[in-house]
Each structure stands twice: as structure tokens, then as C-alpha cells.
Amino acid sequence: MQNEDNLSAFERGVYAVVASIPCGCVSTYSRIAYTIGAAGAARAVGNALNKNIYADVPCHRVVQSDGGVGGYAWGEKNKISMLLREGVVVANGRIDLKKYGIRFNT
DNA sequence: AGGGTGACCCGCT
DNA sequence: CAGCGGGCCACCC
């Protein structure tokens with residue numbers, strides 16, 4: 001993300017967290033929302049990513065809390081392909097958050 | 001200022 | 001385990 005001054009603090013927070021996700025790992029919308037101090041705003045997080053597609057923000061590394069791949073502006077299957085490319089094993093359209101789901105704070 | 005939308009989450013059946 | 005409904009939050013018209 002560059003000079004996204006047009007965006008709100010919430011949006012920037014989401015991008016910051018998503019951008020901090022290391023390669024080969026994934027995070028959940030709810031977890032991100034909680035990290036930025038907006039616990040429960042998982043929906044808003046997804047909305048933020050959907051409306052803002054930046055190369056600096058690996059939105060494809062954001063999945064659902066249940067391990068589901070979730071949605072993707074460019075296509076879910078495309079998202080899965082990228083995850084696999086990152087090294088994240090996606091079995092039956094599901095990701096093992098126990099292995100790839102990172103946590104910013106314990 | 002009010003209402004509708006969405007890449008979600010959780011609980012219940 | 002799968003399917004359905006309600007609830008939550010932030011953004012846009």
C-alpha cells in the first residue's frame with residue numbers, strides 16, 4: 001500500500017496486518033479484525049480487501065476462520081492456486097490453520 | 001441522516 | 001458433518 005490517505009484507519013489497519021503475513025502462512029478475517037482492535041468486524045475486513053486490491057497486500061493469504069479459502073475478487077480457485085504456490089496446502093478447499101494460521105498475539 | 005451491501009462468524013437444527 | 005438463520009461491523013449511495 002502506498003499513500004492510501006483516502007482510506008480510513010480501519011482499512012489501513014487491515015492492509016498493515018495482511019501485509020505482515022509471511023509467505024507460506026495465512027490468517028483469518030476475524031483474527032485480523034481482532035488484531036487491529038475491531039474484533040467482530042470480520043465482515044468489514046473482507047469488504048475492505050474486496051474494494052481495495054493492492055499488490056502490496058497479499059489478500060489471497062486471508063482465509064476464513066473455519067479454514068475455508070473464502071472469497072477472492074479474482075476468483076476463489078485462483079486464490080487457492082496462489083496459496084498452493086506460496087506453499088500453503090489446500091486440501092478439499094480447506095486450509096489447516098493449525099499449521100499455516102499465524103497469530104499476531106497470543 | 002438513513003438504508004442497503006458484503007471476500008464473515010457463530011450457534012442451532 | 002452439513003445446512004440455515006441471525007447478528008456484527010465498516011463503507012458507499
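Conventions and cut-offs
- Residues numbered from 1 in each chain as written.
- Chains lettered and ligands numbered in written order.
- Predicted model: local features only at pLDDT ≥ 70, side-chain atom pairs only at ≥ 80, totals over all residues.
- Heavy atoms only, no water.
- Helix = DSSP H or I, 4+ residues; strand = E, 2+ residues; numbered from the N terminus.
- Rg over C-alpha atoms; globule rule 2.2 N^0.38 Å.
- Buried < 20%, exposed > 50% of the residue type's maximum accessible area, 1.4 Å probe, protein only.
- Contact = heavy atoms within 4.5 Å.
- Phe/Tyr/Trp six-rings, centres within 6.5 Å; stacked < 30°, edge-to-face > 60°.
- Near = heavy atom within 4 Å.
- Polar contact = N/O pair within 3.5 Å; in protein donor to acceptor, adjacent residues only side chain to side chain.
- Nonpolar A, V, L, I, M, F, W, Y, C, P; charged D, E, K, R; others polar.

(A) Examining the overall build of chain A more closely. Helices and strands together make up the secondary structure of chain A, namely five helices and four strands. Each helix and strand of chain A, ordered N terminal to C terminal, gives the series α-β-α-α-β-α-β-β-α. Taking 2.2 N^0.38 as the reference for a compact globule, 106 residues should give roughly 13 Å; the C-alpha atoms of chain A span a radius of gyration of 13 Å, in line with that estimate. Based on the C-alpha atoms only, the size of chain A along its principal axes is roughly 40 × 30 × 20 Å. Per-residue burial over chain A gives 42% buried out of 106 residues. In chain A, the proportion of contacts linking residues at least 24 apart, taken out of those at least 6 apart, comes to 56%.

(B) Expanded view of the packing of aromatic side chains. By the definition in use, this model includes two aromatic pairs. On the basis of an interplanar angle of 80° and a centroid distance of 5.8 Å, the ring pair of Tyr15 and Tyr54 is categorised as edge-to-face. Within this pair, whereas Tyr15 is found in helix H1 (residues 9-19), its partner Tyr54 is found in the loop between helix H3 (42-51) and strand S2 (62-63), the two being separated by 39 residues in sequence. Classification of Tyr54 by relative accessible area gives partly exposed; the value is 22%.

(C) Broad picture of the protein's contact with DNA strand C. The environment of DNA strand C is formed by Ser8, Phe10, Glu11, Gly40, Ala41, Arg43, Ala44, Asn47, Lys51 and Arg94. Those atoms of DNA strand C that come within 4 Å of the protein belong to sugar or phosphate at a rate of 70%. A distance of 3.2 Å is found between a phosphate oxygen of DNA strand C and a side-chain nitrogen or oxygen belonging to Ser8. One of the side-chain nitrogen or oxygen atoms of Lys51 is found 3.3 Å away from a sugar or linking oxygen of DNA strand C. Counting residues per element, the ones that place at least two in the surface near DNA strand C are H1 and H3. A per-element tally of the surface near DNA strand C places H3 first, with four residues. Looking at the surface near DNA strand C residue by residue, the class counts come to three nonpolar, three polar and four charged.

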